[in-house]
Amino acid sequence: MFTAGRAAYRLNGVSIAMDVAPYIRDGRMMVPLRYAAEALGVNGEGIAWDERDQSVALTKGSLSAIFTAGSTRLIARGVPVTMDVAPELVNGRLVLPVRWVGLALNGYTYWDESAQEAIITSQW
């Protein structure tokens, strides 16, 4: 569970600190990609940053996704998908709407407007 403005997320009841707090931009919950991927079970070895093109590749089993800073193009399982919001760099972290991380990794995202919280769960 990610909460806007809170620099920690909850995973199975445990609070985990983040160095960038999620925030709302244009009606979207923007979260650091690394933490959302880890919440969906992607381990550190499945997260690769490419400084040259400022992209992050995620791998979990047969699932893969590539997100690039400033680009609305997501490559999910080898297929290009157009996102409605481009990821951006914030304090060295790639930040994007949590919904896209869930979609790329077969997760579900639920939004609680009143609490300003996004809950991301895995199908696995």
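Scroll up to find the structure.
Thresholds, definitions, all that
Residues numbered from 1 in each chain as written. Predicted model: local features only at pLDDT ≥ 70, side-chain atom pairs only at ≥ 80, totals over all residues. Heavy atoms only, no water. Salt bridge = Lys/Arg side-chain N within 4 Å of Asp/Glu carboxyl O. Helix = DSSP H or I, 4+ residues; strand = E, 2+ residues; numbered from the N terminus. Buried < 20%, exposed > 50% of the residue type's maximum accessible area, 1.4 Å probe, protein only. Pairing = 2+ DSSP bridges.

Novice: Requested: an account of the pattern of salt bridges, with residues and values cited.
Specialist: Counted according to the given criterion, the structure contains seven salt bridges. Close ionic contact of Arg10 with Glu117 constitutes a salt bridge, the shortest N to O distance being 3.6 Å. One end of the pair, Arg10, is in strand 2 (residues 8–11); the other, Glu117, is in strand 14 (residues 117–122), with 107 residues separating them in the sequence. Since its relative accessible area comes to 31%, Arg10 is described here as partly exposed.

Novice: Please set out the pairing of strand 14 residue by residue, giving values where relevant.
Specialist: The pairing of strand 1 (residues 2–3) with strand 14 spans two bridges and is classified as antiparallel. Pairing of Thr3 across the sheet is with Glu117, part of strand 14. As paired strands, strand 13 (residues 107–112) and strand 14 are joined by six bridges and run antiparallel to one another. Counted as the bridge partner of Tyr108 is Thr121 from strand 14. Turn length for the strand 13-strand 14 hairpin, with the two strands adjacent in sequence and antiparallel, is four residues, and the turn residue Gln116 shows positive phi of about 55°.

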